[in-house]
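Structural characterization, general
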Amino acid sequence: MFLRPLCLLAFLIALTVQPTTADEPKEKAKDAPKAKPNRLAKESSPYLLQHANNPVDWYPWGPEAFARAQKEKKLVFLSIGYSSCHWCHVMERESFSNAEIAKIMNENFVCIKVDREERPDVDDIYMTALNVTGQQGGWPLTMILTADGKPIFGGTYFPPEDKKIGDDTAPGIKSILARVIELDKKEHDKLVEQADHVAKLTADALDRNSRLLALVKLDRELVDNAADAYDIDPEHGGTGNKSRSFKGTKFPRPPVWQFLLSQSKRKGKEELAKQVHLTLHKMAEGGIYDHLGGGFHRYSTERTWTVPHFEKMLYDNAQLVELFSDAYAITQDPQYKRVVVETLAFMKREMTSPDGVFYSALDADSNHKEGEFYVWTSDEIKKILGNDADTTFFRAVYGVTAPNFEEKFHILRLPKPLAEIAKDQKLTEAELLAKLEPLKAKLFAVRAKRERPFLDTKVICAWNGQMIAGYARAGQVFGDKDYIRAASTAADFILAKMRTENGQLFRLYAAVPGEKPTARGTAFLDDYSYLIHGLLNLHDATGDKKWLTAADDLMNTLLKLFNDGDKGGYFFTPTGGEKLFARGKDGYDGVQPSGNSQTVRDLLRLAKKHDNPKLRELAGKTINSFSLALRTNPGSLPTMALCLDEFLAAGGGETTTSKVEPPKNPKESTDVVSAKVSVGEVVDGKRTVTVTLTIAPEWHIYANPVGSDDLLESQTRMSVFVDGAEAKAEIAYLKGKAITDSAGAKYGVYEGTATITTTVAAGKNAAIEARVKLIACKDGKCLLPSTLKVK
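In what follows, the accompanying structure is described.

Cut-offs and rules
Per chain, the residues get numbers from 1 upward, laid out in the order the sequence is written. Local features in a predicted model are, by the rule used here, given only for residues with pLDDT of at least 70; side-chain atom pairs are given and counted only at 80 or more, and totals for whole chains, interfaces and linings are based on all residues. Note that water and hydrogens are dropped before the side-chain values are worked out from all heavy atoms of the structure. If DSSP finds at least two bridges between two strands, the strands pair. Per the convention used, a helix needs a DSSP run of H or I reaching at least four residues, while a strand needs a run of E reaching at least two, with both numbered from the N terminus. Only heavy atoms matter for contacts: two residues are in contact if any of them lie within 4.5 Å across the pair. Under this scheme, a helix contributes an axis fitted over its contacting stretch, all axes are lines through C-alpha atoms, and angles between N-to-C directions fall in the 0 to 180 degree range. Each angle gets one of four labels, with under 35 degrees taken as roughly parallel, over 145 as roughly antiparallel, 65 to 115 as roughly perpendicular, and the rest as oblique. The sense of a crossing depends on the near helix, which, turned anticlockwise from the far helix by less than a right angle, makes the crossing left-handed and, turned clockwise, makes it right-handed. Any residue outside Ala, Val, Leu, Ile, Met, Phe, Trp, Tyr, Cys, Pro, Asp, Glu, Lys and Arg is labelled polar, Gly included; the first ten of those are nonpolar and the last four are charged. Geometry of aromatic contacts follows a simple scheme: Phe, Tyr and Trp rings, the Trp one being its six-membered ring, pair when their centres are within 6.5 Å, and the pair is stacked under 30 degrees between planes, edge-to-face over 60, tilted otherwise. Throughout this description, the term charge over a ring refers to an Arg CZ or Lys NZ atom that lies within 6 Å of the ring centre and within 35 degrees of the ring normal. Here a helix's expected span is defined as the number of its residues, less one, multiplied by 1.5 Å. Exposure classes here rest on a 1.4 Å probe applied to the protein chains alone. A residue is buried below 20% of its type maximum, exposed above 50%, and partly exposed in between. In the analysis that follows, any N or O atom pair within 3.5 Å is treated as a polar contact, provided that within protein one partner can donate a hydrogen and the other can accept it, and provided that, for residues neighboring in sequence, both atoms belong to side chains. What is meant by a nonpolar core is a set of buried Ala, Val, Leu, Ile, Met, Phe, Trp, Tyr and Cys residues, joined one to another through side-chain atoms within 4.5 Å. Both site types are read off a 1 Å grid over the protein atoms alone. A 1.4 Å probe that fits but cannot get out defines a cavity, while an open set with protein on both sides within 12 Å along at least five of seven lines defines a pocket; lining residues have an atom within 4 Å of a point. Grid points are joined across faces, edges and corners, and a volume is the space filled by probe spheres set on the points. The salt bridge criterion pairs a side-chain nitrogen of Lys or Arg with a carboxyl oxygen of Asp or Glu, the two atoms within 4 Å.

Quick notes on the sheet that holds strand E17 (residues 518–522)
Pairing is antiparallel in the open sheet, where 3 strands are placed in the order E15-E16-E17. Pairing within the sheet leaves two strands with one partner each, and these edge strands are strand E15 (459–460) and E17. The pairing of strand E16 (residues 506–510) with E17 spans 4 bridges and is classified as antiparallel. Opposite Ala-510, over in E17, you have Thr-518 as the bridge partner.

Laid out in structure tokens, this is it:
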């Protein structure tokens, strides 16, 4: 359970509109007359330039904006997004182009617009601020700040006017602004007090890995726990919420699959290997993959990978190229090679600059409509292909039957594996692909004439590092010199054009309108660590020492700028950079590895190449600083778990301790909950397993079922493993005690003791282990979630 926000505006936050396709207005909001370009017209960010003609008096992030806010005693309205963000565009059209709303904003706030891709440090700190108040994040990120930049409250997308949702009314941006203005006039001191409180919670959250005692054994069990941490959809692949039957969005999240792919090669991991390759195949077959043009869209909006959010991001495609190349190296599966070849063809055609570096993103929208560039009606397909036999064949291959998008459009996808489709068509796979190719070319030619999605042409160092890594690995696996040449060209450009005289990197290479592009912006931890990763992949692929030397130089700079010394780990921002109200360490492997995880992996690779124990020791120190998170929430750190696996394989010690101060209070749920298991005798080939949980006084854990949709992720769950494999079993949970908390939320809990039972197929000599995932809370405070294992 999250901490309840202390916010005076909690009623507004709670009713923040969660964007869905159905929410999008059918008509564009009434715009203000063509406004004089604002300050954003002098920026290089495509996202900021998209707001340059708003009537809102936008400032870019910087001291000028905050100086004005302090001078005029105004609050700050902060809006963070990125150029290919669909709902950022919607809010720009509905609200920021609206003269009435702009007038309210300009008269009462200093308004700041931030591109999260240029300033990930700013984005991270305010997204964390939103999260610590118990709110889910997303973009556009909307925050109200004090004049010194501390967060008061926030949300994501807000409609311009109040909106009826069921029995509730979600406030629009006009209502929210009016309420903030009223509170600022009447209770300004309370807003400041709240901002101080939220800022402290944010700083604590960003610094949690430095403050917690890390006396965790670095051993194989931690790696195995991480590999077991994910609920994998048995039908469609991907990770999700088992208790929700895997409904909802699915992100490719390459760090997870890169880690699980590495673990699937281990003895006894045949079931994991099936799940990994099921996932890769389902992604490649689904609508998240562009079957005409190659490349992956950002994520699937539903379980089956059919309906994507249509933006295409450089970092997704870079990592997926590397992942599918690695998978091919293990399996020689031709589908994996085809995905890599088509995706890199897309990269070369649409995402590569004349200088050979890589652009950031393709938008989801054309003509203000998401996905319009990529989808088809049945009549369009028939008209383009003409021949009835060709149309019938094409429809069969891509499952063009009932519309699967907005009730009238088709997103192309393979409804089943290509081998099965070929068998249905009485063709070999090669024959099917050959027959399909000219038909795909016809549709591709027509699609190319449509209004194209916006291309964000800024060059981001970190993401280019990932694409260099992908190209180099593909070149190594497939023996393709063109791929290695593309990686080398991009690396040469960045090393020559995006470094200062003293060897420090720039984050960006971009142009202000009317000017030539230049290197700009402070580089962050991920810029260094991802680029080092790309250079090391190039060294692996070519053996050319210059790439290893460049990687060494960058690592030396990284260690000087970002290292936290005795505590271990690396700050996201460099020493001497802009100081925000908190300085954090990137520690979550989401759709990209955290800067810390990637740095550790780089250190381990360099240590191996140079046989350098000091670099290995540095890697171990950082793994140790994140070891508590690896133990209590292993699913959040797949790349760090992969690093631990490589650290142990290289002879890393089993136990290390950090020098940070021990906690005065319990930090994880296992500090206040213990478990015992009893296993019955064999009866008809089955055994009863009973787990008894003992919960410390005043603490509770969440019942199953918990009785609240908001707490499904927190409800107690048990699984049983027989001889190392998860058993299929019906779990019997006790009914929880019904409570109502101080905020009026109702749910069920377990207090004191609780028993969970099940029956599994198991013989007399079977090894049986029960695992219970739980989270302990009291008085609005929750500890870190834990998994108790008992045998």
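A short note on the environment of Ala-767
Inspection of the secondary structure puts Ala-767 in the loop between strand E26 (753–761) and strand E27 (768–774). Considering only alpha carbons, one finds Ala-767 and Leu-618, 149 residues apart in sequence, at a separation of 38 Å. Apart from residues lying up to four places away in sequence, Ala-767 is in contact with Phe-721, Val-722 and Asp-723.

As for the packing of helix H22 (residues 545–562) against helix H23 (residues 595–610)
Between H22 and H23, the shortest axis-to-axis distance is 11 Å and the interhelical angle comes to 130 degrees. Looking at the two axes, H22 sits oblique to H23. For the element pair H22 and H23, the recorded crossing hand is left-handed. For the pair formed by H22 and H23, the contact residues are Leu-548, Ala-551, Asp-552, Met-555 and Leu-558 on the first element and Thr-599, Asp-602, Leu-603, Leu-606, Lys-609 and His-610 on the second. Grouping the constituent residues of the contact of H22 with H23 by class yields 6 nonpolar, 2 polar and 3 charged.

Structural notes on the packing of aromatic side chains
The full count for this structure, using the stated rule, is 25 aromatic pairs. Sitting above the plane of the Phe-346 ring, Lys-312 keeps its charged end 4.0 Å from the centroid.

Notes on H22
In a regular helix each residue adds 1.5 Å, so 18 residues correspond to 26 Å; H22 covers 26 Å between its end C-alpha atoms and thus fits that length. When we look at burial in H22, the residues that qualify are Trp-547, Leu-548, Ala-550, Ala-551, Leu-554, Met-555, Thr-557, Leu-558, Leu-559, Leu-561 and Phe-562. Of the surrounding elements, those touching the buried residues of H22 are helix H20 (481–497), helix H21 (525–542), H23 and helix H24 (613–625). The opening residue of H22, the one whose side-chain oxygen lies 3.0 Å from the backbone nitrogen of Lys-546, is Asp-544.

So, the nonpolar core
Grouped together as the largest cluster of nonpolar side chains are 120 residues, with contacts concentrated most on Leu-260 and Phe-324. Counting residues per element, this core draws most heavily on H22, at 10 residues. Not counting residues up to four positions away in its chain, the partners in contact with Phe-324 are Leu-280, Met-283, Ala-284, Phe-296, Tyr-336, Val-339 and Val-340. Core analysis: the next-biggest nonpolar cluster, separate from the first, contains 33 residues, Ala-52, Phe-77, Val-180 and Ala-195 among them.

Quick word on empty space enclosed by the protein
Counting across every chain of the model gives 4 cavities of 30 Å³ or more. In this structure, the largest cavity encloses a volume near 190 Å³. Along the walls of the largest cavity sit 13 residues, with Gln-258, Gln-319, Glu-322, Pro-593 and Gln-598 positioned nearest its centre. When residues of the lining of the largest cavity are traced back to their parent elements, those giving at least two are helix H11 (254–264), helix H13 (314–331), H21, H23 and helix H26 (638–649). When residues of the lining of the largest cavity are assigned to their parent elements, the largest contribution, 3 residues, is made by H11. The residue makeup of the lining of the largest cavity, split by class, is 5 nonpolar, 6 polar and 2 charged. Here the second largest cavity is characterised by a volume of approximately 140 Å³.

Remarks on the pattern of salt bridges
All told, the structure shown has 48 salt bridges when counted by the stated rule. For the salt bridge of Glu-751 with Lys-737, the shortest nitrogen-to-oxygen distance reads 3.2 Å. Taken together, the residues Glu-751 in the loop between strand E25 (746–750) and E26 and Lys-737 in strand E24 (residues 737–740) connect sequence positions 14 residues apart.

Thoughts on the layout of surface pockets
For the second largest pocket, the calculated volume is near 720 Å³. Around the second largest pocket sit 24 residues that line it, and Arg-601, Arg-605, Lys-608, Leu-642 and Glu-646 are the ones nearest its centre. For the lining of the second largest pocket, the secondary structure elements donating two or more residues are H11, H13, helix H19 (461–478), H21, H23 and H26. Tallied by class, the residues present in the lining of the second largest pocket amount to 7 nonpolar, 5 polar and 12 charged.

Quick look at unusual backbone geometry
Between Trp-139 and the following residue, Pro-140, the backbone shows a cis peptide bond with an omega angle of 5 degrees. Omega for the peptide link from Asn-704 to Pro-705 comes to 5 degrees, which places this bond in the cis form. Phi angles above zero are rare outside glycine, and Trp-305 is one such case at about 70 degrees. Within the secondary structure, Trp-305 sits in the loop between strand E8 (299–300) and strand E9 (308–309). Classification of Trp-305 as buried rests on a relative accessible area of 0%. Although it is not a glycine, Gln-332 adopts a positive phi angle of roughly 60 degrees. In this structure, Gln-332 sits in the loop between H13 and helix H14 (334–350).

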